[in-house]
Amino acid sequence: MIRIEDILKSYNSHHPDGDSSPIQRAYIFASRKHDGQVRRSGQPYMIHPVAVAKIVADMGLCAASICAALLHDTVEDTPTTLEEVAEIFGEEVSDLVNGLTKLSNVAFVPREERHAESFRKMLVATAQDIRVLVIKLADRLHNMSTLEHLDQNKRERIAQETRDIYSPLANRLGIHWLKADIDDLAFKYLEPDIYVDLAKQVAKSKKSRIAYIERTRKDLMKLMADASLQVSVSGRQKNLYSIYQKMASKGLDYEKVYDAIAFRIICGDVPECYAVFGLIHAKLVPVPGRVKDYIAMPKPNHYRSLHTTVIGPGGNRMEIQIRTDEMHSVNEYGIAAHWAYKEGIPEKSAKAFNWLREILEHQDGLKDSQEFLDSVKVDLFLDEVFVFTPAGDVISLRKDATPLDFAYAIHSEVGAHCTGARVNGVQVPFSTQLKNGDSIEVTTSKTQRPSADWLEVVVTSKARNKIKSYLRTEQRAQSVQAGRDMVEKSLRRYGCSFNRMSKSGEVDKVAGAYKMNNAEELLAAVGYGKIDKGDVVDRLLPEDKRQSPPSESKESPFEKVIRKVKGQESGITLDGVNNLLIRFARCCNPLPGEFVVGYVSKGGRGIVVHRRGCSKAAALDPERQTRVQWSPNAVSERPVRLQVLTSNRAGLLADLSNAFQSAGINIDSAHCDVDDINHAVNTFTFHVKDLKQLNNVIRALKQYKDVFNVERIHN
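Quick caveat, the model's predicted, so the values are computed rather than measured.

S.K.: Just checking my understanding: could you explain the overall build of the protein chain for this structure?
M.R.: Across its full length, the protein chain carries 30 helices and 22 strands. The buried share of the protein chain, taken over its 715 residues, is 48%. Long-range contacts, defined as pairs at least 24 residues apart, comprise 66% of the intrachain contacts of the protein chain with a sequence gap of at least 6.

S.K.: Please clarify how the side chain of S94 should be interpreted in this entry.
M.R.: Looking at the secondary structure, you find S94 in helix α7 (residues 91-103). Here the side chain of S94 touches L82 through a polar contact of 3.4 Å, landing on its backbone oxygen. In this structure S94 touches L82, V85 and A86, once residues within four positions along its chain are discounted.

S.K.: Just checking my understanding: could you explain helix α30 (residues 691-702) for this structure?
M.R.: Since there are 3.6 residues in each turn of an α-helix, residues three or four apart along the chain are aligned in direction. Taking 1.5 Å as the rise per residue, α30 with 12 residues should run 16 Å; its terminal C-alpha atoms sit 17 Å apart, in good agreement. Among the residues making up α30, those that are buried are Q693, L694, V697, I698, A700 and L701. Along α30, the residues classed as buried sweep out an arc of 160 degrees about the axis, all on the same side. On its buried side, α30 packs onto β19 (638-647), α29 (652-662), β21 (679-688) and β22 (707-713). Two or three places before K692, at the start of α30, stands the capping residue D690, its side-chain oxygen 3.3 Å from that residue's backbone nitrogen.

S.K.: I tried to follow the environment of L198 on my own but got confused; where do I start?
M.R.: Note on placement: L198 falls in helix α12 (residues 192-204). Considering only alpha carbons, one finds L198 and Y241, 43 residues apart in sequence, at a separation of 9.4 Å. Those residues within four positions of L198 in sequence are excluded, and the remaining contacts are F187, L240, I243, Y244, M247 and Y254.

S.K.: Before we go on, may I ask you to explain unusual backbone geometry in this structure?
M.R.: Keep in mind that most residues, glycine aside, have a negative phi and that most peptide bonds are trans. Its identity as a non-glycine residue notwithstanding, S228 has a phi of 60 degrees, on the positive side. Of note, S228 is situated in the loop between α13 (206-226) and β1 (232-237). Among the residues examined, S228 registers a relative accessible area of 58% and is labelled exposed. In this model, N589 sits at a positive phi of 40 degrees, which is unusual for a non-glycine residue. You can see N589 is positioned in the loop between β14 (582-584) and β15 (596-600).

S.K.: What's the story with the pattern of salt bridges in this structure? I'm lost.
M.R.: Scanning the entire structure with this criterion turns up 16 salt bridges. Residue E488 is joined to R484 by a salt bridge in which the shortest nitrogen-to-oxygen separation is 3.9 Å. One end of the pair, E488, and the other, R484, are both in helix α22 (residues 461-492), four residues apart, so they sit about a helical turn from each other. E488 gets classed as buried once you look at its relative accessible area, which sits at 19%. Here E594 and R712 are joined by a salt bridge, their closest N and O atoms 2.9 Å apart. Residue E594 is found in the loop between β14 and β15, and its partner R712 is found in strand β22; the two are separated by 118 residues along the sequence.

S.K.: Even after reading the chapter, I still don't get the nonpolar core, so can you show me in this structure?
M.R.: Soluble, globular proteins show a tendency: their nonpolar side chains are buried together. Judged by nonpolar contacts, the single largest core of 58 residues is most densely connected at I7, I23, V56, I66, L71 and V93. When residues no more than four places from it in sequence are discounted, the contact partners of I66 are I7, Y11, I23, A53, V56, A57 and L61. Within the second largest apolar cluster, 25 residues are counted, among which are C273, V276, L279 and V310.

S.K.: Explanation requested: the confidence of the model for the protein chain in the structure shown.
M.R.: Where the model shows low pLDDT, its predicted coordinates should not be examined in detail. Residues at a pLDDT of 70 or more form 83% of the protein chain, whose mean pLDDT is 80. The model gives residues 107-116 a pLDDT under 50, and that stretch makes 23 contacts with residues more than four places away or in other chains. Every residue in residues 338-352 is under pLDDT 50, and counting partners more than four places away or in other chains gives 29 contacts.

Each value, and the rule that gives it
- Per chain, residues are indexed from 1 in the order of the written sequence.
- Owing to the predicted nature of the model, reporting of local features is limited to residues with pLDDT of at least 70; listing and counting of side-chain atom pairs is limited to 80 or more, with chain, interface and lining totals taken over all residues.
- As a rule here, side-chain values cover all heavy atoms of the structure and leave hydrogens and water aside.
- Secondary structure is summarised from DSSP: a helix means a run of H or I of at least four residues, a strand means a run of E of at least two, and numbering begins at the N terminus for each.
- Residue exposure (1.4 Å probe, protein chains only): buried if accessible area is under 20% of the type maximum, exposed if over 50%, otherwise partly exposed.
- In what follows, residue pairs with any heavy atoms lying within 4.5 Å of each other are defined as contacts.
- Two N or O atoms count as a polar contact when they lie within 3.5 Å, although within protein this holds only if one can serve as hydrogen donor and the other as acceptor, and sequence-adjacent residues are included solely when both atoms are side-chain atoms.
- By this rule, a helix spans an expected 1.5 Å times one less than how many residues it contains.
- For this quantity, the arc is that covered by the directions from the helix axis to the C-beta atoms.
- Within this document, salt bridges are pairs made up of a side-chain nitrogen of Lys or Arg and a carboxyl oxygen of Asp or Glu, the two lying within 4 Å of each other.
- Think of a nonpolar core as a cluster: buried Ala, Val, Leu, Ile, Met, Phe, Trp, Tyr and Cys residues, connected wherever their side-chain atoms sit within 4.5 Å.
- A residue's pLDDT is the confidence the predictor assigns to it, expressed on a 0 to 100 scale.

This is the structure in structure tokens:
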């Protein structure tokens, strides 16, 4: 059992001149507040905050952070107030406890809007003081270690959110030992059978592995000593989840995972790191494509090290990491290893979490919280490529990034006005994938503007969000004007003035009836086709005007076009008439059950039906828009394409096919490919009767743990 003395000893080892008295007072205060409370295990509740505080102290954080760790549950679980904490321990500790209290209310469940909004708030809060997130990770680690005392559903939910969010957050903060621990704990509860089986296999070979590691360590030490290099060498077996990931991605049995062992060589300085690196490659055969220089080009979280994989004794692959002692400290403890809070945040340390600030800087341009969450997850699971500006500055981008991503990384305005790019002096298209070491130069023009086609090119969340934000602004302006034109012309037929109604506040009142903030929002919805213009006009008209026919002829030119349209049964009705000549828009492929809007084709070729909110429909002539709907119990076999991102597991395609079969769907065609990180990208084309049937198959596909994402694709 951890004692307060253990926490103080750890704190003093990192801060020999620090004042530990606040930590002692926080321990006494928390013990009194939690007196009589127990955890699910039946143990005294104080075991938890003490364990969290010990983890925080071991990471070298300040006294205020350790106090906050001891007090982090007092405000939520006891009568303690933030004002009381502030009065006794100061505003700094109170602010940290407040941030942690807010995070305790966040329950992240993938693909649910309300939890996505909670996660947005979580990152907003932690961006103000990253220590909140570090303490939260320590809290999550200890809770994961005691998960067996909860029921199965809760265990799985907590383990899943740990893998989806907290593990990649720990990685981006550079706290790699913590990431490895929570990865293994999540593995234990999400794939229990595989975990137990793998743990047994690892245990069986433990003695031989330890012997192999020690022999190889001594061989490496002798190799270094013979070259007069004074270094330390340590070896370890990679954590269970890391081994499992390699087995799953490569389709290997445990016995075939030869690079499950890693060695670290700690050097005195950077020149010695490169000397060791050269010696290793001179004596051992390197594996092609497995050399990474994170010293010259550090990761965004400030991780620095030389990595290489070589063929070791017995023909086994082994990874070797070469770094200085200072690098090792930062690599293990991340941002906590080099933050001096009493003196403010050093500039180089602040850069280590710029990615978090950048995510939040662009959140206002996102449509909703789920889109924000998807954007964050892209950034969390980042695999970097390092490129150079013409001035020689290093820019870190997501793997497969393009020149447009580079332009937006330089500055949003550079991206928005980018007209061309040169890679290593050669003019290239925007779709070119950048490689490590490329030198990029972009050209700009004030007249250039982002286009929807750019979304097919960029991969970074910053670029995508900025382009989407611009397109939405442009589209909204067009939709507001289109909606105004439609409503204004309809009112004019009854002798009413839209301008007068707008000035008198009548339009704002109607907007309020739709629970919208203002008239502009209402008109945009009409222009988008989300709200029918006829409904809006009916609400605006005075009672006497509603009962009288419009002043124009009862049959407008637009209505004549409608009258001429006739044809087959399609499931679509116009004013109760269903014998209409209907064409379904390929851009959005509407399904029975989805809200739709019709546009009369020029030349009397029938009505084209779009989903409401379709971006291409918003650009069409509003005067040709008409109200259509699916007839009751409409069934219309409509083509659909789904893209399913999965692991590259053998037999998974058969499982996915079973999901379609269980939903009563025949697959028309399937295309499967593997991306650069060995994920399978599966595209299925099939027909469904309605939206309900589509949702059923999507739910069935998402049941498989190897399925990462299911997305409907529109032409």
